[in-house]
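Working through the structure, step by step
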Amino acid sequence: MTAKQILDAFSETLMQDEQILSPRERELLMSLLQNSRAVSSSNPETQSAVTAAIARSVGETVAQRAFSLLGGGIVEQILANSGIPAGTEETMPATMVEFSTHQPMAGPQPPQGPGVREPVRDPQPPQGPQPPQGPGVREPVRGPQPPQGPGVREPARDPQPPQGPQPPQGPGVREPVRGPQPPQGPGVRDPQSPGAPQPPGRALRPLSVPVQQGAQQSHHDSRSGVGVLEAPAIVRAQCVVLDEFLAPQELDELISYALQHEAEFQNSAVVSPSGDPGVIDYDHRRSRVLMDLGKHEQVILERIRGVLPRVLDQLGVEEFPITQVEAQITASNDGDFFGAHSDDSQETIASRRITFVYFFHREPCQFEGGELRLHDSRRKGAQDVSTGSYQMIVPQPNQIVFFPCSLLHEITPVECPSRAFADSRFTLNGWLHK
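Structural notes, computed from the coordinates. Predicted model only: the values in this text are computed from it and were never measured.

**Some remarks on the overall build of the chain**
Of the regular secondary structure elements, the chain holds 5 helices and 17 strands. Each of the 434 residues in the chain was classed as buried or not, and the buried ones make up 42%. Contacts in the chain between residues at least 24 apart in sequence constitute 81% of all its contacts with a sequence separation of at least 6.

**Quick look at the nonpolar core**
Membership of the largest hydrophobic core comes to 34 residues, with the highest contact counts inside it found for Ile329, Tyr358, Phe360 and Leu428. Considering every element that reaches this core, the biggest residue donor is helix H5 (residues 296-315), with 8 residues. When neighbours within four sequence positions are excluded, Leu428 is seen to be in contact with Leu254, Leu293, Ile300, Ala327, Gln328, Ile329, Phe356, Val357, Tyr358 and Phe360. Grouped together as the second largest cluster of nonpolar side chains are 14 residues, Val270, Phe359, Ile393 and Val401 included.

**Regarding a nonpolar patch on the surface**
Together, Phe67, Leu70, Ile74 and Ile78 line one region of the surface with nonpolar side chains, adding up to about 440 Å² of accessible area. As for its placement among the helices and strands, Ile74 is situated in helix H3 (residues 44-82).

**Quick word on the pattern of salt bridges**
Under the counting rule described, the total for this entry stands at 9 salt bridges. Arg286 serves as the salt-bridge partner of Asp336, at 3.5 Å between the closest nitrogen and oxygen. Highlighted residues: Asp336 in the loop between strand E8 (324-332) and strand E9 (337-341) and Arg286 in strand E6 (residues 285-286), separated in sequence by 50 residues. Its relative accessible area of 8% is what places Asp336 among the buried residues.

Criteria and thresholds
- Residues numbered from 1 in each chain as written.
- Predicted model: local features only at pLDDT ≥ 70, side-chain atom pairs only at ≥ 80, totals over all residues.
- Heavy atoms only, no water.
- Helix = DSSP H or I, 4+ residues; strand = E, 2+ residues; numbered from the N terminus.
- Buried < 20%, exposed > 50% of the residue type's maximum accessible area, 1.4 Å probe, protein only.
- Contact = heavy atoms within 4.5 Å.
- Core = buried A, V, L, I, M, F, W, Y, C linked by side-chain atoms within 4.5 Å.
- Patch = residues over 30% accessible without salt bridge, like charges linked within 9 Å, V, L, I, M, F, W, Y side chains within 5 Å.
- Areas by Shrake-Rupley, 256 points an atom, 1.4 Å probe, with all protein chains shown as cover.
- Salt bridge = Lys/Arg side-chain N within 4 Å of Asp/Glu carboxyl O.

Next up, the structure:
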């Protein structure tokens, strides 16, 4: 067996070990490679250089982790054979390395490639529930926010220990529920580095981890002696946001496509209470839509299929067979909006399960407003109404949002002083049917 064959077999074994390469890291690497090939498909030399740089960084990271595990195994054997009391090995240094899409490669000593963090020198116990941590994970936007400048992303935040219950951040905005997170300790750096370059990739960040949808409560009927279950009280808003969803070239081509087909956009319609589609109601919705997406529909649907299992897992939704996909490009200009509604409220659209909204307006941004608000809701008669609390997504180019079609949501009014079509708020949005 040649040296290469031995290394290939060894690599295959290492890929199966989640201590060496986690599923999220494998997904991120696949995304980086796919996007680099899409961008540099016309230049084999550039594609080869990018692939080599990624391979070099991955090799350094995997080697560090593999040797750390190997060294730990040897130490355990020595301790087992030396009679040293159990637990002494806890004082040995541990290594925690995690990929980040925002760290440039700095050479091979010690590994400083993309996403390689400094080893943790002192193991730390878990600090209790923490905000979602991981590659590209950012804090959600909550309530009204200051204007976002050209290409500005919310600045990274250093990991903080839980501070206990916090007051709402903005009018009617609730804090997202956060699940348990991995230990935080010295040497662990924030996956977001302000000002660092952001290569194409899909950074998964749940804006709100799944919560129980209006926990059922029971009370005792003293007249009949029967315990009665009450209907769920509140449906909590939840969504998943992915940044840098398409390659830059794909984003530019989509913007150009929308601008070239301005004449084909038509007034947006809604489904009437009686179930009739194609009804124009300017009191409820104002915007323009393009139903023919050309090649871009296939591009974005392929990307959605690639991330959908993880998105459904984050939303707490079981995987389902997709029987139909609806997609359209929506342009919202000065005064346009969409009132509070759910996307599966009528019989003709009841098979919708997941809504997706991809933002792709030009930069610098020439409009304000147009935020996506996801409301906590409760049932009132035959309708869902907001409880007054919501989560807000401020449109960011090349960002996609997924949420259940049953959620009550709205698009706030857009302010576009120029009223130029090219300055509109653009989205490629649609629905996955079961």
